[in-house]
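Next come the chains, spelled out residue by residue.
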Amino acid sequence: MNTYQNYIGGADVPAADGRTFTAFNPTTGGVWGTFALAGPAEVDRAVQAASGAFRTGPWGRLSPTRRGRLLMKWGDVIAEHADRIATIETEQNGKLFAEMRAQARIAQDWLYYFGGLADKIEGTVIPLDRQSIFNYTLREPLGVVGVITPWNSPTFIAIMSLAPALAAGNTIVLKPASQTPLTALKFAELCQEAGLPEGVVNVVTGPGGKVGMAMVRDPRVDKIAFTGSTEVGKQIMREAAGTLKRLSLELGGKSPNIVFADADMEAAVKGALTGIFYNKGEVCAAGSRLFLEDSIHDAFMGKLTERVKGLTVGDPMDKATRMGPVVSKAQMDTVLSYIEAGKQEGARLVAGGGRASVGNGKGYFIQPTIFDDVRNTMKIAREEIFGPVLSVIPFKSLEEGLAEGNSTTYGLAAAVWTRDVAKALRAAQAIRAGTVWVNAYNLFDAALPFGGFKESGFGREMGAAGLEHYTELKTVWVDLS
Ligand code: NAD
């Protein structure tokens, strides 16, 4: 079993006090890797390295075009190592190997997209009613960006923040989740291979409450890009007030997936399955509340429960598997407790409802689970479960479907299924969420902004709008008189 260190200033750095922690393979329940347990000393070193690289290192002197090219090269190197990255993702998280290999290649596309934007960060000249003044605006990098990521999609989410942050010219201290630290370390190593200067990307591994918080409090860190739970997002927001740090918060969700009676039923059933069971429901935008119009409810549920039987739960390395294990024992226990709550509250269990028996029996496998006749006020419909549990809620009219869909503290994503264009557009307008899919689910692209309304957070990642969040806007006045 390997031991992995922090990655600071281009070198492997153990914790000063020599402490380590272990990560587990959710498929077997066995110990999978040992990692340096960073503390304040390592955070200090990493921030110093990032700050030095920003202020005095070669990174700041590179032209935006060269910076962009380096990001593209980094993308190429990641794609060359796609198999290794996918193996790491699968072993540390339980995600399907085939999907993770595809995701490592998508990371390349994303780095090309943001690499291409690096030399298109433009200012403006604004017409004034003052003849003697020439003015222009500039978009400048913020400085050091602290990126804190969750365990559910380590590759995708790290690149989602790192690509725009680096394209804008910032430097990085990245803290991955303790369940899944290795892809971040691998990315930092590959950064170096691609030719990014030392200190531009640094990785510290350790618990959020200590390591993440030290980053949030550090006055030399200019922004925190946090992806994780709403609860921790609120703590970070409170703590960041101390230094008035820039923040992007990509938080939790309880997204409504609304199927109207005139929808293409086959497509909507497939969308409902992908919406909740893709990546075992460990997706921030998961369609965890399925709203079905009354008149199609029975037919739809017949097809859905039939299709769920075909979802093979098993070893995520196996090509035939459709759902691997949830990430950890703690997460498995949480999901099982929600399933219990659903039963207690009187929702009707129509599929799954417990652990799935796979392999040595020690992995964290859960059956794809569906509750029907759920009310929007029940705990399983209100709280983010972050696992393979679907709540089905019947509705009677367009107005009721939309009102119930919006009746949540979250606002990350939503989908509507209908053949009526006017209804689709009306729904897209009425839904209070950062992303609305029409006749689709779980589509993402580097070019399209993603982020939350309400308690799903603020700021945006991806797209040109996401890039702006990694810049400061400066206005220059020149008196020509
Ligand atoms: P989490 O909030 O527990 O942890 C996320 C990260 O924050 C981890 O690296 C953790 O170590 C760190 N952390 C924990 N406490 C901290 C603290 N006090 N200060 C600073 N850092 C701290 O979330 P999780 O369980 O890892 O991930 C699941 C959550 O992430 C879900 O709510 C999910 O919806 C959300 N998520 C959101 C998006 C999005 O784009 N909106 C994407 C993926 C996941």
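Since the model is a prediction, treat every value here as computed from it, not as a measurement.

**Details of the site of the ligand**
For the ligand, the set of nearby residues contains 28 residues, the closest of which are Thr149, Lys175, Ser229, Leu251 and Glu384. In the environment of the ligand, an oxygen atom lies 3.4 Å from a nitrogen or oxygen atom belonging to the backbone of Gly228. Contacts to the ligand include Leu251, whose backbone N or O atom sits 2.8 Å from a nitrogen atom. Those elements that provide at least two residues to the shell around the ligand are α7 (208-217), β10 (223-227) and α8 (230-240). Among the elements that take part in the shell around the ligand, α7 stands out by supplying four residues, more than any other. Here the shell around the ligand spans two domains, since at least three of its residues come from each of domain 1 (2-251 + 455-479) and domain 2 (256-445).

**A look at the sheet that holds strand β1 (residues 3-4)**
One key point about sheets: their strands pair by backbone hydrogen bonds, in either a parallel or an antiparallel sense. Taken in spatial order, the three strands make up an open sheet running β1-β5-β4, and their pairing is mixed. Pairing within the sheet leaves two strands with one partner each, and these edge strands are β1 and β4 (20-24). The strands that helix α3 (residues 82-93) touches are β1, β4 and β5 (31-36); relative to β5, the one it contacts most, it runs at about 105°.

**Quick notes on a nonpolar patch on the surface**
On the surface, Val125, Phe134, Tyr136, Leu138 and Leu480 cluster together to form a nonpolar patch covering roughly 440 Å² of accessible area. By secondary structure assignment, the location of Tyr136 is in strand β6 (residues 133-141). Judged by relative accessible area, which is 31%, Tyr136 ranks as partly exposed.

**Looking at the nonpolar core**
Of all hydrophobic cores here, the largest spans 94 residues; its most connected members are Trp74, Leu166, Leu196, Phe300 and Leu304. Counting the residues that make up this core, at least three belong to each of domain 1 (2-251 + 455-479) and domain 2 (256-445). Aside from chain neighbours lying at most four places away, what touches Phe300 is Val259, Met265, Ala268, Val269, Ala272, Leu290 and Leu292. Grouped together as the second largest cluster of nonpolar side chains are 27 residues, Ala347, Tyr364, Val416 and Ala433 included.

**Brief notes about the environment of Ala23**
Note on placement: Ala23 falls in strand β4. A relative accessible area of 1% places Ala23 in the buried class. Residues Ala23 and Arg139, 116 residues apart in the sequence, show an inter-C-alpha distance of 40 Å. Ignoring sequence-local partners within four residues, the contact set of Ala23 consists of Gly30, Val31, Trp32, Gly33, Phe35, Ser178, Gln179 and Pro181.

**Quick word on the packing of helix α2 (residues 64-80) against helix α4 (residues 97-117)**
Packing of α2 against α4 brings their axes to within 8 Å, and their N-to-C directions diverge by 175°. Here α4 runs roughly antiparallel to α2, going by the angle between their axes. When α2 is examined against α4, the residues Gly68, Leu71, Met72, Trp74, Gly75, Asp76, Ile78 and Ala79 are found in contact with a partner set consisting of Ala104, Arg105, Ala107, Gln108, Leu111, Tyr112, Phe114, Gly115 and Gly116. For the contact of α2 with α4, the residue count by class is 10 nonpolar, five polar and two charged.

**A closer look at the domain arrangement of the chain**
Under the domain assignment, the chain is made up of domain 1 (2-251 + 455-479) and domain 2 (256-445). A straight line from the C-alpha centre of domain 1 to that of domain 2 covers 31 Å. On the side of domain 2, 30 residues touch domain 1, which itself brings 27 residues to the contact. Carbon and sulfur atoms supply 59% of the area buried between domain 1 and domain 2, which totals about 2200 Å² over both sides. Looking only at domain 1, the three residues that lose the most surface to domain 2 are Thr27, Leu96 and Trp151, adding up to 23% of its buried area. Taken together, the links from domain 1 to domain 2 amount to zero salt bridges. Our count for the contact surface shared by domain 1 and domain 2 stands at nine residue pairs in polar contact (both at pLDDT 80 or more). No other element matches the five residues that α4 contributes to the side of domain 1 that touches domain 2. Here the side of domain 1 that touches domain 2 is composed, by residue class, of 10 nonpolar, 13 polar and four charged.

**Points about unusual backbone geometry**
Even without glycine at this site, Leu244 takes up a positive phi of about 45°. Take Leu244: it is sitting in the loop between α8 and β11 (246-250). Since its relative accessible area comes to 64%, Leu244 is described here as exposed. With phi around 50°, Lys280 is a residue other than glycine that occupies positive phi space. Relative to the helices and strands, Lys280 resides in the loop between α9 (265-277) and β13 (289-293).

**Brief notes about the pattern of salt bridges**
For the structure shown, the criterion picks out 24 salt bridges. Two residues, Glu468 and Arg139, come together in a salt bridge whose shortest N-O distance is 3.6 Å. Placement of Glu468 in helix α15 (residues 463-468) and of Arg139 in strand β6 is noted, with a sequence separation of 329 residues between them. A residue is classified by how much of its surface remains accessible, and Glu468, at 43% relative accessible area, is partly exposed. Between Glu472 and Arg246 there is a salt bridge; the shortest N-O distance is 2.9 Å. Linking Glu472 in strand β20 (residues 471-479) with Arg246 in strand β11, this pair joins segments that are 226 residues apart in sequence. Each of Asp44, Asp218 and Arg220 takes part in salt bridges that share partners, so that together they form one network.

**Notes on helix α11 (residues 329-345)**
Over its 17 residues, α11 runs 24 Å from end to end, which matches the ideal 24 Å to within 8%, given 1.5 Å per residue. Inspection of α11 places Gln331, Met332, Val335, Tyr338, Ile339, Ala341 and Gly342 among the buried residues, and these make up the whole buried set. Against the buried residues of α11 lie β15 (369-372), α12 (379-382) and β16 (389-395). One or two steps after α11, the chain reaches Gly346, where phi turns positive at roughly 95°.

Calculation rules
- Residues numbered from 1 in each chain as written.
- Predicted model: local features only at pLDDT ≥ 70, side-chain atom pairs only at ≥ 80, totals over all residues.
- Heavy atoms only, no water.
- Near = heavy atom within 4 Å.
- Polar contact = N/O pair within 3.5 Å; in protein donor to acceptor, adjacent residues only side chain to side chain.
- Helix = DSSP H or I, 4+ residues; strand = E, 2+ residues; numbered from the N terminus.
- Domains from an automatic or database assignment.
- Pairing = 2+ DSSP bridges.
- Contact = heavy atoms within 4.5 Å.
- Axes fitted to C-alpha atoms, helices over the stretch in contact; angles between N-to-C directions.
- Patch = residues over 30% accessible without salt bridge, like charges linked within 9 Å, V, L, I, M, F, W, Y side chains within 5 Å.
- Areas by Shrake-Rupley, 256 points an atom, 1.4 Å probe, with all protein chains shown as cover.
- Salt bridge = Lys/Arg side-chain N within 4 Å of Asp/Glu carboxyl O.
- Buried < 20%, exposed > 50% of the residue type's maximum accessible area, 1.4 Å probe, protein only.
- Core = buried A, V, L, I, M, F, W, Y, C linked by side-chain atoms within 4.5 Å.
- Parallel < 35°, antiparallel > 145°, perpendicular 65-115°, else oblique.
- Nonpolar A, V, L, I, M, F, W, Y, C, P; charged D, E, K, R; others polar.
- Buried area = accessible area lost by both parts, 1.4 Å probe.
- Expected span 1.5 Å × (residues − 1).

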